[in-house]
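Summary of structural features
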Amino acid sequence: MSSDLVIVYHRQPYEEVEVDGKIEYRANKSPNGIVPTLKSFFGKVDNAAWVAWKEAEDTSDPGFERVIHIEDSFGKYTVSRLPLTAAQVKSFYHVTSKEAFWPILHGFKEKYNYDPVDWPTFKEVNWAFAEAAAAEAAEGASVWVHDYNLWLVPGYLRQMRPDLRISFYHHTPFPAADMFNVLPWRGEIIDSLLCCDVVGFHIPRYASNFVSCVRSLRDVGNVPRIKVENDMMSEGSALSDRTVPTEIHTDERVVQLGVTPVGVDVEYIKSLAGSEKTDTLSARFREEIGDTRVLLSVGRTDYTKGGADQLLAFERLLERRPELRGIVRLLHVSVPANRNMTVYEPIQKELEEIAGRINGRFGSFTFQPVALISRAIPFEELVAWYQVADVAWITPLADGMNLVCKEYVAARKDGDGVLVLSEFAGAAVEMGAAVLANPFSSRAMDFAIDMALDMPEDERRARMELLRASVEKRDTRHWAEDQLALLSPKDFGDESANEEAEMA
């Protein structure tokens, strides 16, 4: 059955569980995230589809149905599973996307590795995604493609189905031309994105960077700009812009630039934070940590996250302020992004070495200042820890958005707590009430953590009130409806979202 909305994303929209020899499709363990947000729009159309990959030994005979029909709390939809071999996944995702694209997107040119890239395989996989989307889409349907590992899908899809409306959303930063143009495939990527009707970004800076890349490669004439909303211009953020480009005119079409920060499911987090189970967990955690002050850091084991810099800053804190020894502890959650990728092993080793040194220098038989956790924490437990933590310390060197900081704010039902946030995280643009820090400066990091620990209660609460208002304003619903309203305002989103799109 043809679909009015097709979402193209590498992950499947459920978890497969084998029960008594049969496969069951269950909702993802964490209901808070991009996947459930995207699925929520399936209920707004009669027919919808999702395109993702599924690993298979033999793509011609994968041993599973390529197209299945799902009915769950989000509605009825079709899932088209592309069979990819382990070698294809490694080449397309782990090598090309993670070793070539990822460092460039985040500004780490020295980490870029061109040599192992198999560009023909990347193109082959993107073509397969485009074919699957084209097969699922009804006449004039909307196709929403997600993230940089599917950069070439829009171009291929436009060749196959010129009738479709195509949107592409970047969940990462988008670099300026002098960084992006390191990629030898820059022309193919830009031309593909210019086949879209809408290209979406988190913040104005990324849209401006995209325009700089386009202009470096193609003559697109004047690009109109409008003033950025006041609450999207944080004076302390390195990523704030005063104006934002709105559209690019090519010979074939007008490409709209949609700028909407991804948010979190505020209502869901509030419901968890207010539950009796979370209260019990929080009370237990407080009892376990005793009369100490807690700094909480949550992220992936990735060179972009600045984990080692953060641990070094904590070591300096204990050196600089001996009165805090035995009083302040750091809970540092650093989960490997992908255990099959050896590129992250040196990072994990460095984190373990620094944490071990700190505990050796400042710990005792009864107190360890650093708890380094290398496994994912169940979201319900994480919400409880958010409520316990005096300070959320989120200081990546580069980050497209960062949802952990928003989760922390949404979970603070008591209105207390301090957020220390890197000015190089996209979220800093809209969360100026946080204590913004430059993770490239030891002095700035030291000042920020001192300020957070010494902040009086009235200031903590005033800042948290502003942060909560910001997070509630731009939640997951706001993000998805704004993006889809740009793509097809007559079919998706509520009336208010459509009116906003028309006014813009």
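One can find the structure itself at the top, above this paragraph.
What comes next is a walk through the structure. (Residues numbered from 1 in each chain as written. Predicted model: local features only at pLDDT ≥ 70, side-chain atom pairs only at ≥ 80, totals over all residues. Heavy atoms only, no water.)

This part covers the overall build of the chain. A tally of regular secondary structure across the chain gives 17 helices and 19 strands. The C-alpha atoms of the chain give 23 Å as radius of gyration, which agrees with the globular expectation for 504 residues (23 Å, within 12%). Taking the principal axes of the C-alpha coordinates as reference, the chain spans close to 65 × 60 × 50 Å. Scored against the burial criterion, the 504 residues of the chain give a buried share of 58%. Sequence-distant contacts, at least 24 apart, represent 74% of the contacts inside the chain between residues at least 6 apart. Accessible area of the chain: about 21200 Å², with a carbon and sulfur share of 48%. Positive and negative side-chain charges in the chain, numbering 55 and 78 respectively, have mean positions lying 4 Å apart. (Helix = DSSP H or I, 4+ residues; strand = E, 2+ residues; numbered from the N terminus. Rg over C-alpha atoms; globule rule 2.2 N^0.38 Å. Buried < 20%, exposed > 50% of the residue type's maximum accessible area, 1.4 Å probe, protein only. Contact = heavy atoms within 4.5 Å. Areas by Shrake-Rupley, 256 points an atom, 1.4 Å probe, with all protein chains shown as cover. Lys, Arg positive; Asp, Glu negative; His and termini not counted. Charge placed at Lys NZ, Arg CZ, Asp CG, Glu CD.)

This brings us to the sheet that holds strand β12 (residues 247–249). As summarised here, the arrangement of the nine strands in space is β5-β6-β4-β1-β7-β8-β9-β13-β12, forming an open sheet in which the pairing is mixed. Both edges of this open sheet fall to β5 (67–72) and β12, since each of them pairs with a single strand only. Strand after strand, the sheet turns through a mean of 20° between neighbouring axes, direction not considered. Note that strand β1 (residues 3–8) and strand β4 (residues 48–55) share four bridges and pair parallel. Bridging from a neighbouring strand, V6 pairs with A49 of β4. In the packing of helix α4 (residues 153–160) onto the sheet, the strands contacted are β7 (137–146) and β8 (165–169), and the crossing angle to β8 comes to about 175°. (Pairing = 2+ DSSP bridges. Axes fitted to C-alpha atoms, helices over the stretch in contact; angles between N-to-C directions.)

In terms of nonpolar packing, the biggest core is built from 121 residues, with F101, F129, W151, I189, F210, L419 and L421 touching the most fellow members. F210 has contacts with F174, I190, L193, L194, F201, I248 and L257, leaving out every residue within four places of it along the chain. Formed by 28 residues, the second largest nonpolar core is a distinct cluster that contains V370, W393, A452 and M455. (Core = buried A, V, L, I, M, F, W, Y, C linked by side-chain atoms within 4.5 Å.)

Of all five residues in strand β18 (residues 418–422), five are buried, a share of seventy percent or more. Side chains V418, V420 and S422 project from β18 onto one buried face, and the interleaved L419 and L421 project onto a second face that is buried too. Two elements, strand β17 (residues 391–394) and β18, share four bridges in a ladder whose sense is parallel. Counted as the bridge partner of W393 is V420 from β18. What joins β17 to β18 is helix α13 (residues 404–411), and the crossover it makes is right-handed. As judged from the three bridges shared by β18 and strand β19 (residues 435–437), these two strands associate in the parallel manner. Following the sheet pairing, S422 is matched in β19 by A437. (Right-handed = clockwise from strand over helix to strand, strands pointing away.)

Everything listed is a geometric property; what it means functionally is a separate question.
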